[in-house]
Amino acid sequence: MSNQRRPEEAPDTGHEWDGIRELTNEPPKWWTICFYASLLWCVVYFILYPSIPLINGPNEGLLGWTSIKEYKAEVAKYDEQRAPYVSKLEGMSAEAILKDQEMLNFANSYTNAIYGDYCAACHGTSGQGAEGRFPTLLDDEWLHGGSIAAIQESVTYGREGQMPAFAGQVSDADIGKLADFVIALSQGNQGSDTDWALYEESGCGMCHADNAKGWTDAGAPNLTDAIWRFGSSKDEVVRTIAHGVNAEGVAETRNAVMPAFEGRLSENDIKLLAVRVWSMGGGQ
Ligand code: HEC
Ligand code: HEC
């Protein structure tokens, strides 16, 4: 600190606290240079970039840079890169996309956001569903059919499986027997002739088919596999049989409504979502 005078030579400001005198030494040169350089930097920045709000809108700066413009330019660049793929997807049928691995990958990444916004709340972020409430889209058991056309129809028009409540029509004892029977079927047992007779008499075969393997036209699931929509414990199965599914006026019925997306999503987006769902797992 060559330009610093020693304390005893420097005039003081007359301030003294507990024996410490305030001197009038200049600050070091390097400090002064930095100080003026930063002031200059501020002025230059102030002129080039948006700085203070003025009376009629913000001052935009000579360069005209704004973060919104930067964001829009990035988005435009991204859209431009995707444009050829997007228009190609629009022209392709769902079946054709499924056969083209590159376009399928693109369709799957394209639908990430739409799936997240419109489907994930019920079917889960990866299509795993929620037991008792929303079916999984990952397995190859389909309530309403797993062909690409059937999936497209499910999403376009929505679905609402209907099973009547059997309480009152079938005795409690028989409902218990039917529950035991379908649980046994799901565990690989064949069931006795009396079980099958009760199943037929009660009218279950009308929707779940005579062999209990389900009927997609009725949205009725296969009862012989280990996949359970509403839970596999006896209590849950009894509840389904006694109170039905979407049965009108039945308080304890299961609610299972897939909303229609016609009008909420474009035909193209629905097609691409169907492709995604088909390729998630068990498309048929
Ligand atoms: C409000 C909740 C909800 C939303 C949102 C929803 N779903 Fe569903 N979805 C359901 C329910 C409930 C069912 C079962 C309907 C039934 O039981 O008959 C279903 C059934 C389906 C099926 C038929 C499954 C089968 O086994 O046949 C497909 C495919 C499907 N949804 C796809 C989608 C797609 C794609 C979206 C997003 C665009 C979506 N869902 C949004 C509740 C929902
Ligand atoms: C009118 C058609 C219809 C009839 C009749 C019918 N079901 Fe159903 N059943 C359905 C539908 C539709 C579903 C599934 C609804 C869904 O998942 O949205 C279902 C679901 C079930 C389930 C739940 C399966 C699971 O995975 O959780 C069981 C169990 C069942 N039915 C048993 C029976 C039995 C036993 C009978 C005869 C007493 C019967 N059903 C009669 C249409 C029917």
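Keep in mind that what you see is a predicted model, and the values were worked out from it rather than measured. For every chain, the first residue of its written sequence is number 1, and the numbers climb from 1 along that sequence. Following the order in which they are written, the chains are lettered starting with A and the ligands numbered starting with 1. Given that the model is predicted, a residue must reach a pLDDT of at least 70 before its local features are reported, and side-chain atom pairs must reach 80 or more before they are shown or counted; all residues, however, enter totals for whole chains, interfaces and linings. To get the side-chain values, take all heavy atoms of the structure and skip hydrogens and water.

Focus: the site of ligand 1
- Proximity is defined per residue: any heavy atom of the residue falling within 4 Å of a molecule or strand makes that residue near it. Residues in close proximity to ligand 1 total 25 residues, the closest being Cys119, Cys122, His123, His144 and Met258.
- The contact in question runs from a nitrogen atom of ligand 1 to an N or O atom on the side chain of histidine 123, over 2.8 Å.
- Any pair of nitrogen or oxygen atoms within 3.5 Å is treated as a polar contact; in protein, a donor-acceptor pairing is required on top of that, and neighbouring residues in sequence qualify only through side-chain atoms on both sides. Contacts to ligand 1 include glycine 161, whose backbone N or O atom sits 3.0 Å from an oxygen atom.
- Comment: elements are numbered from the N terminus, with helices defined as DSSP H or I runs of at least four residues and strands as E runs of at least two. For the shell around ligand 1, the secondary-structure elements that each account for two or more residues are α6 (120–123), α7 (148–157), β6 (257–258) and α12 (267–280).
- When residues of the shell around ligand 1 are assigned to their parent elements, the largest contribution, three residues, is made by α7.
- Classification used: nonpolar for Ala, Val, Leu, Ile, Met, Phe, Trp, Tyr, Cys and Pro, charged for Asp, Glu, Lys and Arg, polar for all others including Gly. Here the residues of the shell around ligand 1 are counted per class, giving 17 nonpolar, five polar and three charged.

Points about α12
- A helix is expected to span 1.5 Å for every residue after the first. Between the first and last C-alpha of α12 there are 20 Å, a value that for 14 residues agrees with the 20 Å anticipated at 1.5 Å per step.
- Relative accessibility decides the category of a residue: with a 1.4 Å probe and only protein chains considered, values under 20% of the type maximum give buried, values over 50% give exposed, and everything between is partly exposed. For α12, the tally of buried residues reaches 10 of 14 residues, placing the bulk of the element in the interior.
- For α12, the complete set of buried residues consists of Asn268, Asp269, Ile270, Lys271, Leu272, Leu273, Ala274, Val275, Arg276 and Val277.
- Residues are treated as being in contact if the distance between any of their heavy atoms lies within 4.5 Å. On its buried side, α12 packs onto α2 (67–91), α3 (94–99), α4 (101–110), α5 (112–118) and α7.

Comments concerning the side chain of aspartate 269
- Among the structural elements, aspartate 269 can be located in helix α12.
- Only four residue types enter the charge count: Lys and Arg as positive, Asp and Glu as negative, with His and the chain ends excluded. Any Lys or Arg side-chain nitrogen located within 4 Å of an Asp or Glu carboxyl oxygen qualifies as a salt bridge. No salt bridge is formed by the buried aspartate 269; the nearest opposite charge belongs to arginine 82, separated by 8.8 Å.
- Apart from the residues lying within four places of it in its own chain, the contact partners of aspartate 269 are Tyr110 and Ile114.

Notes on the coordination of the iron atom of ligand 2
- Note that water is not among the atoms considered, so a metal site may appear incomplete; the donors listed are N, O and S atoms within 2.8 Å of the metal, with 3.2 Å applied to Na, K and Ca. Donor atoms from the polypeptide that bind the iron atom of ligand 2 are Met163 (SD) and His208 (NE2), placed at 2.0 to 2.1 Å.
- When four donors show all angles between 85 and 135 degrees the site is tetrahedral, when four or six donors have opposite pairs over 155 degrees and all other angles between 65 and 115 it is square planar or octahedral respectively, and in every other case it is irregular. Classification of the site at the iron atom of ligand 2 as octahedral follows from its six donor atoms and the range of 87 to 179° in their angles at the metal. One end of the pair, methionine 163, is in the loop between β5 (159–160) and α8 (172–186); the other, histidine 208, is in helix α10 (residues 205–208), with 45 residues separating them in the sequence. Here the two residues methionine 163 and histidine 208 agree in accessibility, since each one is buried.

Observations concerning the nonpolar core
- Only buried Ala, Val, Leu, Ile, Met, Phe, Trp, Tyr and Cys residues count toward a nonpolar core, and they belong to the same one when joined by side-chain atoms within 4.5 Å. Core analysis: the largest hydrophobic core is formed by 28 residues, its most contacted members being Leu89, Ile97 and Val275.
- Contributing elements (two or more residues each) for this core: α2, α3, α4, α5, α7 and α12.
- Element by element, the count of residues in this core is highest for α12, at six residues.
- Those residues in contact with valine 275, other than ones at most four positions away along the chain, are Ala94, Ile97, Leu98, Leu104, Ala107 and Ile148.
- Core analysis: the second largest hydrophobic core is formed by 21 residues, Phe166, Ile175, Tyr199 and Leu223 among them.

A short note on the coordination of the iron atom of ligand 1
- All of the protein donors around the iron atom of ligand 1 are His123 (NE2) and Met258 (SD); their distances to the metal are 2.0 Å.
- What the six donor atoms of the iron atom of ligand 1 show is an angle range of 88 to 179° at the metal, which sorts the shape as octahedral. Residue histidine 123 is located in helix α6, and its partner methionine 258 is located in strand β6; the two are separated by 135 residues in the primary sequence.

Quick look at the environment of histidine 123
- On the basis of relative accessible area, histidine 123 is assigned to the buried category, the value being 11%.
- Sequence-wise, histidine 123 and leucine 39 are 84 residues apart; in three dimensions their C-alpha atoms are separated by 58 Å.
- Those residues in contact with histidine 123 that sit more than four places away from it in its chain are Tyr115, Gln128, Gly129, Pro135, Leu137 and Met258.

Some remarks on the site of ligand 2
- Close to ligand 2 lie 26 residues, the nearest being Met163, Cys204, Cys207, His208 and Arg229.
- Histidine 208 is positioned with one of its side-chain polar atoms (N or O) 2.8 Å from a nitrogen atom of ligand 2.
- Separating an oxygen atom of ligand 2 from a backbone N or O atom of phenylalanine 230 is a distance of 2.8 Å.
- For the shell around ligand 2, the class distribution of residues is 18 nonpolar, seven polar and one charged.

Quick look at the pattern of salt bridges
- With the rule as written, the count across this model stands at seven salt bridges.
- Among the salt bridges present, the one from lysine 77 reaches glutamate 74, with a minimum N-O distance of 3.8 Å. Residue lysine 77 and its partner glutamate 74 are both found in helix α2; the two are separated by three residues, about one turn of the helix.
- Among the salt bridges present, the one from glutamate 153 reaches arginine 159, with a minimum N-O distance of 3.8 Å.
- Of the residues examined, arginine 159 reaches a relative accessible area of 18% and is grouped as buried.

Brief notes about the pairing of strand β1 (residues 12–17)
- When you tally the buried positions in β1, you get zero out of six residues, a small fraction of the element.
- Strands are labelled as partners when DSSP assigns at least two bridges between them. In this sheet, strand β2 (residues 20–23) lies alongside β1 in antiparallel orientation, the contact comprising three bridges. Across the sheet, residue glutamate 16 finds its bridge partner in β2, namely arginine 21.
- The hairpin formed by β1 and β2 contains two residues between the paired strands, and aspartate 18 there has a positive phi angle of roughly 50°.

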